[in-house]
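# Results of the structural survey
Here is what each chain is made of, one letter per residue.
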Amino acid sequence: MIKASGYAAKHSYSNLKRIEFERTEAGANEIEIEVLYCGVCHSDIHQVKNEWSNTVYPCVPGHEIVGRVSKVGPGGTRHAVGDLVGVGCMIESCRHCHPCQSGDQNYCEGPNSWLSTYNGPMVPAAKAPNGANMYGRDNTFGGYSDVIVVNEDFALKIPKNLKPEVAAPILCAGATTYSPLKHWGVKAGDSVGVIGFGGLGDMASKIAKAMGAHVTVFTTTEQKLEEARRLGVKGVLESDKAAMKALKSSFDFMLSTIPEKHDINPFIELLKRDSTLCIVGALEPMAGVDNSAVAFHRKRVAGSLIGNLADTQEVLDFCADHCIGPDIEIIDIQNVNEAFKKVEKGDVRFRYVIDMASLKRDDNA
């Protein structure tokens, strides 16, 4: 076992506080990673507060991890000590089901689904068909910590010309938006609508624009219209009825990045015939859909969950090749609780990234 330090919540109503714990040292085909940076994702807040009713405590969040390999376990060949690597939302999958065999580890249909970077398997033993946990871990601890151990296959290579602190949010926000844009074949010349202009919306806009699409972002905040202009995309207020009406039947693809339930019916009207509106932000019951608006023009409402390993590596390389990435604000781990509050209020533009070197300051306090 190796000693580890991090920040964890012990209850749904508690702040994150320092915790000391142990990790199993790198075994066969595993690597030990010194965590340098970890992005703050809205999912971290949902999970800490048990808003999905599945949190395992103590909860050490963090699935946008960039660090350096500090040890390679027996048989490891993909990475070497000193390599800069990234870890996203998954650290293992069953590897045997059809999705895993097809390279879609994020849709693993094994008895426990994929193993999350934190909070354990997606399907815990209590809910598994066989009542067991194939991974042998009921809880996993994420990147709000100084060290993490993962299977080498689930560690991504960080391109040399991509700053590590910028790369961190791409491992979730980038993969989550790139994957559906790729899956539904967004191409140069397409009209793409991005609903919501926070961390996910920012990355979706930049990636779609780099693909050559004509991008329109929809926001409820007037101040964000200027940000849209800065990015070279069109911005529309959702409350502007005239602007919404003028965009009827004009989009080839729309991506909803809003992190909580919302009404998508006004946006279905904006889709062209045979086009798709994909939801990636909200993981909860949504308001009902007017199926007449869908059926009369053969439109589709769909969902997408993070990205598989190949998509995650692709989006890292894509961002490096196109010199794009999230706008970030680096914070110390000691300020993470305040950061959570600002994320919930929508006061951050666009992504907090924790400098994990700040964790050592606790040792010197």
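How each quantity is defined
- Residues numbered from 1 in each chain as written.
- Predicted model: local features only at pLDDT ≥ 70, side-chain atom pairs only at ≥ 80, totals over all residues.
- Heavy atoms only, no water.
- Helix = DSSP H or I, 4+ residues; strand = E, 2+ residues; numbered from the N terminus.
- Buried < 20%, exposed > 50% of the residue type's maximum accessible area, 1.4 Å probe, protein only.
- Contact = heavy atoms within 4.5 Å.
- Lys, Arg positive; Asp, Glu negative; His and termini not counted.
- Charge placed at Lys NZ, Arg CZ, Asp CG, Glu CD.
- Axes fitted to C-alpha atoms, helices over the stretch in contact; angles between N-to-C directions.
- Parallel < 35°, antiparallel > 145°, perpendicular 65-115°, else oblique.
- Left-handed = near helix turned anticlockwise from the far one by under 90°.
- Pairing = 2+ DSSP bridges.

Attention now moves to the overall build of the protein chain. Looking only at helices and strands, the protein chain has 11 helices and 17 strands in total. With the C-alpha coordinates aligned to their principal axes, the bounding extent of the protein chain is approximately 60 × 45 × 40 Å. Looking at the 365 residues of the protein chain, the share that counts as buried comes to 55%. Of the contacts made within the protein chain by residues no fewer than 6 positions apart, 66% connect residues no fewer than 24 positions apart. Computed over 39 positive and 45 negative side-chain charges, the separation of the two mean positions in the protein chain equals 4 Å.

Two elements in contact, helix 3 (residues 164-183) and helix 4 (residues 199-210), have axes separated by 9 Å at closest approach and are oriented at 55 degrees. Relative to helix 4, helix 3 is oriented oblique. Crossing of helix 3 against helix 4: the hand is right-handed. On the side of helix 3, the interface is formed by Ile170, Ala173, Gly174, Thr176, Thr177, Tyr178 and Leu181, while helix 4 contributes Gly199, Leu200, Met203, Ala204, Ile207 and Ala208.

The next subject is the sheet that holds strand 11 (residues 214-219). Read across the open sheet, the six strands follow the order 12-11-10-13-14-15; overall the sheet is parallel. Because the sheet does not close on itself, it has two edges, and the strands there are strand 12 (234-237) and strand 15 (300-303). Across the sheet, the mean angle from the axis of one strand to that of its neighbour is 20 degrees, orientation sign disregarded. Here strand 11 runs beside strand 12; their pairing, made up of four bridges, is parallel. Its bridge partner lying in strand 12, Val217 is registered against Gly235. Here helix 3 sits on the sheet in contact with strand 10 (191-195), strand 13 (251-256) and strand 14 (271-279), set at roughly 155 degrees to strand 13.

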